[in-house]
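# Coordinate analysis (summary)
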2 protein chains.
Amino acid sequence: MAPETRHSSKTGPEYELIYWPGIPGRGEVVRLLFEEAGVAYKDTAKGSRAVPTVLAHSAPESAGDASNPPTFAPPVLRHGDLVINQLPNILLYLAPKLGLGPGLAGGDGGVYHLNELALTILDGLLAEVHETHHPIATDQYYDEQKAEAKKRAKGFREARLPKFLGYLQKVLDGERSGGSGWLYGEFTYVDLVLFQCLDGTKYAFPKTVEKLKKTGKYDSVFKLYDAVRERPNIKAYLESDRRIAYADGIWRYYPELEED
Amino acid sequence: MAPETRHSSKTGPEYELIYWPGIPGRGEVVRLLFEEAGVAYKDTAKGSRAVPTVLAHSAPESAGDASNPPTFAPPVLRHGDLVINQLPNILLYLAPKLGLGPGLAGGDGGVYHLNELALTILDGLLAEVHETHHPIATDQYYDEQKAEAKKRAKGFREARLPKFLGYLQKVLDGERSGGSGWLYGEFTYVDLVLFQCLDGTKYAFPKTVEKLKKTGKYDSVFKLYDAVRERPNIKAYLESDRRIAYADGIWRYYPELEED
């Protein structure tokens, strides 16, 4: 079977995820939704034209079409004639289609609660992790901003990460979560978002995350992490060759960023 | 009329916006939607209990309730029993209710295109502006990170802001926008998001924005800005005492950040 397409689906248009090759990155959050749901997707990052495909979607000449505005940056999702970008937006679109979140017409605010939880997790455990190694400029190398990165990482380790983990613990302790062990009372896509972002943050800051785990203040968060990892489809995926190892990109390991 | 509530509405539950007093900030983007639509809203930032109300929604004890998870940070929107946070999420919820965007049940992807445009504008002309003066730590003062801020601001002026403006020009030049002068072919809430974020960025980087305007490369973006400013309800709002002056917060003016 070609590595690029897991298995073809003859029912409905194919989903196509467009992202950089060689790193889990933002694309990985999308992959986990497909993998959990057992739904086929074309993963262009695994194919032979990975980089040109990404560039084609953000190049100056890529102007969108009659129904789609141009995209800004990967990840990009193509589904039939629809082309969308922005990670939390892709998740918002996909989750109900994959049975991982309430339908859009649901009246009780669920789709908005899940969206806000996803946005906050992506802020704290994805975007802010990237800022720890690129606090000055995204288009310069880490080596050109190491002193600033050390300072930013210190604040992340001591203040920001505990703040976000504390919030997520509070959500899990709250009435809406209702002791279910899931952020919103039943398993939804935001639990996958939390799993992936915490997994990446653990890779980037292993000592820090272990130390925070040992405080016992975020037990429900770490329990959720373990529970997601044991879900059959997720477990199988993590053990498969479709799971890319961490390298550069968002979640990367610089030991000096855990030293005072 | 009490400054906190514009005018009472007896039809349906009241909208309540919870945000910090004294700055436009993220709350201002929400205000513009209500003002454009001519819909009443309670603006707790203008009332006597502004700060305690914000704190009550992010304090450790604020645990949400049976239907709402706890909120993370302002802005927060209360509407009947619904309590939501995260600015792009509040906009996603409000826009169709205020006639400023398609509903979630719409079939052509419009809600996702608008959501992604809002997310990208908020990334580039709000979040990244805040990073220019707080590149090391949000919980430290600007004075403690001035050297790093100067470097971050240089990258913003020379690379990031042109990149985002170039993208928005491309959207306005694109087929979906269709020469309408609006980002998505007809006036929607994302045009208000662009107006407010560009207005704040102009306040923070007046020389830079003027210089970029003079290149002529972003004419449609600046035309859109002027067009929003002339809309009757927006014009009236901007001239009213409900419009707060820029001060600290996200969009703030440090002349040294425009010097090389």
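I will try to describe carefully the structure that is included in this document. Predicted model, so just to flag it, every value in this text is computed and none were measured. (Residues numbered from 1 in each chain as written. Chains lettered and ligands numbered in written order. Predicted model: local features only at pLDDT ≥ 70, side-chain atom pairs only at ≥ 80, totals over all residues. Heavy atoms only, no water.)

### Considerations on the overall build of chain A
Under the convention used in this document: Numbering of helices and strands runs from the N terminus, with a helix taken as a DSSP run of H or I at least four residues long and a strand as a DSSP run of E at least two residues long. When accessible area is computed with a 1.4 Å probe and restricted to protein chains, residues below 20% of their type maximum are described as buried, those above 50% as exposed, and intermediate ones as partly exposed. What sets the accessible areas is the Shrake-Rupley method with a 1.4 Å probe; for residues, cover comes only from the shown protein chains. We score Asp and Glu as negative and Lys and Arg as positive, and we do not count His or the chain ends. Charged groups are reduced to one reference atom each: NZ for lysine, CZ for arginine, CG for aspartic acid, CD for glutamic acid.
Each helix and strand counted, chain A has 9 helices and 4 strands in total. In terms of principal-axis extent, the alpha carbons of chain A reach across some 50 × 45 × 35 Å. When each of the 260 residues of chain A is scored for burial, the buried share is 56%. As displayed, chain A has an accessible area near 10500 Å², and 51% of this comes from carbon and sulfur atoms. Charge-centre separation for chain A: the mean point of 32 positive side chains lies 3 Å from the mean point of 36 negative side chains.

### With respect to the sheet that holds strand 1 (residues 15–18) of chain A
All names here are of chain A. Operational definition: Following DSSP output, two strands are said to pair if at least two bridges run between them. We call two residues contacting when some pair of their heavy atoms lies within 4.5 Å. Here an angle of 0 to 180 degrees is reported between the N-to-C directions of two axes, which are lines fitted to C-alpha atoms, with helices fitted over the stretch in contact.
Pairing in this open sheet of 4 strands is mixed, and the strands run 2-1-3-4 from one edge to the other. Either end of the sheet is taken by a strand with one partner, and the two such strands are strand 2 (42–43) and strand 4 (82–85). Where strand 3 (residues 76–79) meets strand 4, 4 bridges bridge the pair, whose relative direction is antiparallel. Following the sheet pairing, Leu77 is matched in strand 4 by Ile84. Lying on the sheet, helix 1 (residues 25–37) is in contact with strand 1, strand 2 and strand 3; it crosses strand 1 at an angle near 160°. Strands in contact with helix 3 (residues 87–97) are strand 1, strand 3 and strand 4; relative to strand 4, the strand with the most contacts, it is inclined by about 130°.

### A word on the packing of helix 1 of chain A against helix 3 of chain A
Residue and element names in this part refer to chain A. Note the threshold: If an angle is under 35 degrees, it is roughly parallel; if it is over 145, roughly antiparallel; if it lies from 65 to 115, roughly perpendicular; otherwise it is oblique. Note on residue categories: nonpolar means Ala, Val, Leu, Ile, Met, Phe, Trp, Tyr, Cys or Pro, charged means Asp, Glu, Lys or Arg, and polar means any other residue, Gly included.
Orientation of helix 1 relative to helix 3, taken along the N-to-C sense of each, is 5°, at an axis distance of 10 Å. It follows that helix 1 is roughly parallel to helix 3 by the angle criterion. The segment helix 1 lies against helix 3, with Arg26, Val29, Val30, Leu33 and Phe34 engaging Leu87, Ile90, Leu91, Leu94 and Ala95. Its residues placed into classes, the contact of helix 1 with helix 3 shows 9 nonpolar, no polar and 1 charged.

### Digging into the environment of Phe164(B)
As for its position among the elements, Phe164(B) is in helix 5 (residues 146–173). Counting along the chain gives 40 residues from Phe164(B) to Gly124(B), while the straight-line C-alpha distance between them is 6.2 Å. Setting aside chain neighbours within four positions, we find Phe164(B) in contact with Phe72(A), Thr120(B), Asp123(B), Gly124(B), Leu125(B) and Glu128(B).

### Thoughts on empty space enclosed by the protein
For the record, the criterion: Grid points spaced at 1 Å and placed over the protein atoms alone form the basis of the search, with a cavity being a set where a 1.4 Å probe fits but cannot get out and a pocket an open set showing protein on both sides within 12 Å along at least five of seven lines. Lining residues have an atom within 4 Å of a point. Grid points are joined across faces, edges and corners, and a volume is the space filled by probe spheres set on the points.
With the rule as written, the count across this model stands at 5 cavities of 30 Å³ or more. Estimates place the volume of the largest cavity at around 90 Å³. Every residue along the wall of the largest cavity is listed here: Glu128(A), Thr132(A), Arg152(A), Gly155(A), Phe156(A), Ala159(A), Arg160(A), Ile136(B), Ala137(B), Thr138(B) and Asp139(B). Counting residues per element, the ones that place at least two in the lining of the largest cavity are helix 4 (110–133) and helix 5 (146–173) of chain A. Counting residues per element, the lining of the largest cavity draws most heavily on helix 5 of chain A, at 5 residues. Here the residues of the lining of the largest cavity are counted per class, giving 4 nonpolar, 3 polar and 4 charged.

### With respect to the environment of Tyr141(A)
Residue and element names in this part refer to chain A. In this fold, Tyr141 is placed in the loop between helix 4 and helix 5. Looking at Tyr141, the relative accessible area reads 65%, which means it is exposed. For Tyr141 and Ile234, which are 93 residues apart along the polypeptide, the C-alpha to C-alpha distance reads 33 Å.

### Thoughts on a nonpolar patch on the surface
Quick note on the threshold: Patches were defined on residues exceeding 30% relative accessible area and lacking a salt bridge, with like-charge contacts within 9 Å and nonpolar side-chain contacts (Val, Leu, Ile, Met, Phe, Trp, Tyr) within 5 Å. Salt bridge, as used here: a side-chain nitrogen of Lys or Arg that lies within 4 Å of a carboxyl oxygen of Asp or Glu.
The grouping of Trp20(A), Val51(A) and Leu55(A) at the surface amounts to a nonpolar patch, some 240 Å² of accessible area in total. As for its position among the elements, Leu55(A) is in helix 2 (residues 50–56).

### Describing the sheet that holds strand 1 (residues 15–18) of chain B
Residues and elements named next belong to chain B. With mixed pairing, the 4 strands of this open sheet are ordered in space as 2-1-3-4. With one partner strand each, in any of the chains shown, strand 2 (42–43) and strand 4 (82–85) form the two edges of the open sheet. As paired elements, strand 1 and strand 3 (residues 76–79) share 4 bridges and run antiparallel to each other. Bridging from a neighbouring strand, Glu16 pairs with Arg78 of strand 3. Here helix 3 (residues 87–97) sits on the sheet and contacts strand 1, strand 3 and strand 4; the angle it forms with strand 4, its principal contact strand, is near 130°.

### Points about the packing of aromatic side chains
By convention here, two paired aromatic rings are described through the distance between centres and the angle between planes. Residues and elements named next belong to chain B. Note the following rule: Centres within 6.5 Å make a pair out of two Phe, Tyr or Trp rings, where for Trp the six-membered ring is used; the pair is then stacked when the planes are under 30 degrees apart, edge-to-face when over 60, and tilted otherwise.
Applying the stated criterion across every chain yields a total of 24 aromatic pairs over all chains. Both rings, one in Tyr142 and one in Tyr254, keep their centres 3.8 Å apart while their planes meet at 10°; by these two values the pair is stacked. Taken together, the residues span a long stretch of sequence, with Tyr142 in the loop between helix 4 (110–133) and helix 5 and Tyr254 in the segment after helix 9 (232–238) at a distance of 112 residues. Take Tyr142 and Tyr254: they sit in the same class, and that class is buried. Ring plane angle 85° and centroid distance 6.1 Å describe the contact between Tyr246 and Trp251, whose orientation is recorded as edge-to-face. You'll find Tyr246 and Trp251 in the same group, each marked buried.

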